[in-house]
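Below are the chains, spelled out letter by letter.
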Amino acid sequence: MTCPDLRSFLDHLRHRGELVEITAPVDADQEIAEIHRRVISARGPALLFTNVKGARFPVVTNLFGSTERTFAAFGERPGNFVRDAADFAVHSMPPTPGKLWDARDLIRQGLSIGMRRMAEAPIADVMEEPRLNNVPMLKLWPEDGGHFMTLPLVLTESPEDGRPNLGMYRIQRYDNRRTGIHWQIHKGGGYHYSEAEARNEPLPVTILAGGPPALMLGAIAPLPEGVPELLLSSLLLGKRLPVLRRKSWPHPIPADCEFAFLGHVPPHKRRDEGPFGDHYGYYSLKHPYPVFHCRRVMRRRDAIWPATVVGKPRQEDFFIGDYLQDLLSPLFPLVMPSVRALWSYGETGFHSLAAAVVHDRYPREAMASAFRILGEGQLSLTKFLLVLDKPLNLQDFPGVLQHVLERVNWETDLFIFSNIAMDTLDYAGPEVNKGSKGVILALGESVRELSGEFRGSAPSGVENVRVFCPGCLVVDGPSYEVDAEFPKKLAQSGSLKNWPLIVLCDRPSQAAASTINFLWTTFTRFNPATDLYGSEERIVQGHIAYSGPVVLDARVKPWYPKEVFAAPDVANLVSRRWNEYFPGGNVEMGSSDLGDLTPDS
């Protein structure tokens, strides 16, 4: 099934036994977030909080906190449509009457995509002055700068050509009428705002909450610039998206949303936004961002506030991201013909690491595919890319890494690109929005046998050695503050020369305990240009040629933001009250800290 709105999705989850109602009083300041984290770590149900202190509305979280629930929101139809559309694009050229007839069901579905204007709709039940302090926005972590909308759907239109953008950008509440709006450098809404600023005009903004799950998914999909997210939402919904049009407002307002906040963002005005514990598992720091001024609120009469919680993997964004990758994967070869398969790893925040299987029909063609990937939409934010030319299950990361280490020639197959733009939330670089990228080509047949067992003595300065996969060791050493040059010494020590890759980190037993921990620890904590070391590094025809082994320095650096942890008093409160939240004892209490020894599953 495809759920037409939030209410029908909740009914569906309730029928499946995957929605639990919590009637005990709870606080939007960290308590709800900690309950959510405990439940999702135990792979528990969606949560409906009906008694939120100081709020007029209930809160629902963990809607997409499992593969099964995410799939349940959309059913099989969207995936079947994308696969059929990709197949049609490949095999229908040139079109013939017979081919068009065979694709008649697909064409019929395509013709149903779009918007349908409504005269009346639930979103218009109530029209009122803004009272944002009555909305149960969540504070997730103790050092967050305030309360945030964590599932906002932000609708804007280009002042230049009217093209719409629907994006999900975190919104920090300042007071009853104003919020921050976290438009990053690569986001469509940010482009629209820069156009408005160039004209010295305020930008009209509609912030939506709730509505069809398809609307939420459309807002975060990595679509090419200029492709309307509302069309993808309609496709996922399986029908034209019902909207309201108002003469006094420039945007279509999806009819089945729970809330719509109407307002504008004035030009050339900034205010500090943050800190915020984000999906990398660290606090993104305080920075100046534009300010949204709310003029009017539309909502359902019995509105429900949807929210999510972000932090160390795996949270809801992991399952949504993986669903989107599966959904859109048939389109990758159409957009990038030399790319056969592509996967970004949610355990790293998605942008920190990706792997691709590409064609390599002539020497080093694979590098052209790497450049193509790094130039495509949100994929351009990828920090590190592994490129293979043989079919492999890219979701099996230990298998992928072993495949790479069996083939890589460090002198010719590792490429580093410095002084480029990076994801705003990645603080491993020298300053915000700046950093570097890396590409490894792992082509052809295996050139070495890898050891899967460490024998012998650890090098000087190393106390703990763990094997993550054949060919890769995880070790500790002095902290960065004590010895910033230790990775270079480690690479040159000679005692680990039979191990192609050595990851230096602060807690190797934790990092090597699971694939989740390895990916998160390694790839969120390094900048390719400054944190990769070979036993020797030479410049050969303008290329940095590394000699193995290569050491990746994933130690925490002094300028990194703090790792997110629950406040001890909040964690203790939730532990004490667990049976109040779930008096039937039917919901398991999971771990408070998802960063410690997270199991694979």
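Data block above holds the structure.
Residues numbered from 1 in each chain as written. Predicted model: local features only at pLDDT ≥ 70, side-chain atom pairs only at ≥ 80, totals over all residues. Heavy atoms only, no water.

Draft legend 1. Geometry of the overall build of the protein chain. Within the protein chain, the secondary structure is distributed over 19 helices and 30 strands. Over its C-alpha atoms the protein chain spans a radius of gyration of 25 Å, differing by no more than 12% from the 25 Å that the globule rule assigns to 601 residues. Viewed in the frame of its principal axes, the protein chain has a C-alpha envelope of about 75 × 70 × 50 Å. Within the protein chain, the proportion of its 601 residues that are buried is 58%. The contacts in the protein chain between residues at least 6 apart in sequence include a share of 74% that link residues at least 24 apart. (Helix = DSSP H or I, 4+ residues; strand = E, 2+ residues; numbered from the N terminus. Rg over C-alpha atoms; globule rule 2.2 N^0.38 Å. Buried < 20%, exposed > 50% of the residue type's maximum accessible area, 1.4 Å probe, protein only. Contact = heavy atoms within 4.5 Å.)

Draft legend 2. Quick peek at the pairing of strand β19 (residues 291-299). Bridge count between strand β5 (residues 126-128) and β19: 3 bridges; the pairing is antiparallel. Of the residues in β19, the one forming a bridge with V126 is R299. In terms of strand pairing, strand β10 (residues 178-181) meets β19 through 3 bridges, oriented antiparallel. By the bridge assignment, G180 is partnered in β19 with V291. (Pairing = 2+ DSSP bridges.)

Draft legend 3. Expanded view of the sheet that holds strand β21 (residues 339-344). Strand order across the open sheet formed by 5 strands is β21-β22-β23-β25-β24, with mixed pairing between neighbours. Only two strands of the sheet have a single neighbouring strand rather than two, namely β21 and β24 (414-421). Mean inter-strand twist for the sheet, computed between neighbouring axes without regard to direction, equals 20°. Relative to strand β25 (residues 434-442), β24 is paired through 6 bridges, and the arrangement is antiparallel. When the sheet's bridge partners are listed, F417 is paired in β25 with K437. (Axes fitted to C-alpha atoms, helices over the stretch in contact; angles between N-to-C directions.)

Draft legend 4. How the structure looks around the nonpolar core. Grouped together as the largest cluster of nonpolar side chains are 54 residues, with contacts concentrated most on I35, F261, W305 and F582. Among residues more than four places away in sequence, those in contact with F261 are L132, V135, M149, V205, T206, I207, F292, C294, R296, V297 and W305. In terms of nonpolar packing, the next biggest core, distinct from the first, is built from 51 residues, C3, V60, L223 and L327 among them. (Core = buried A, V, L, I, M, F, W, Y, C linked by side-chain atoms within 4.5 Å.)

Draft legend 5. Fine view of helix α8 (residues 213-220). Most of α8 sits inside the fold, with 7 of its 8 residues counted as buried. Buried within α8 are the following residues: P213, A214, L215, M216, L217, G218 and A219.

Draft legend 6. Molecular detail of the packing of aromatic side chains. A full pass over the atoms with the stated rule returns 24 aromatic pairs. Their ring planes at 75° and their centres at 5.8 Å tell us that F523 and F526 sit as a pair that is edge-to-face. The pair F523 / F526 is uniform in exposure class, with both members buried. Ring geometry for W559 versus Y560: centroids 5.8 Å apart, planes at 85°, classification edge-to-face. By relative accessible area, Y560 is classed as buried at 11%. Each member of the aromatic cluster is reached from another via a ring pair, and the members are Y345, F384, F397, F468, F518, F523 and F526. The ring of W520 has R525 lying over it, and the distance from NZ or CZ to the ring centre is 4.9 Å. (Phe/Tyr/Trp six-rings, centres within 6.5 Å; stacked < 30°, edge-to-face > 60°. Lys NZ or Arg CZ within 6 Å of the ring centre and 35° of its normal.)

Draft legend 7. Inspection of the pattern of salt bridges at higher detail. Counted under the stated rule, the structure contains 41 salt bridges. Residue K390 pairs with E445 through a salt bridge whose shortest N-O separation is 2.9 Å. With K390 in the loop between β23 (384-388) and α13 (397-407) and E445 in the loop between β25 and β26 (465-469), this pair connects stretches of sequence that are 55 residues apart. Members of the salt-bridge network, linked through shared partners, are D5, R7, D256, E258, R300 and D302. (Salt bridge = Lys/Arg side-chain N within 4 Å of Asp/Glu carboxyl O.)

Draft legend 8. Up close: the state of the cysteines. Per the stated rule, a full pass over the model turns up 0 disulfides. Unpaired in this structure, C469 has its nearest cysteine sulfur neighbour in C472, at a distance of 5.1 Å. Classification of C472 as buried rests on a relative accessible area of 0%. (Disulfide = S-S within 2.5 Å.)

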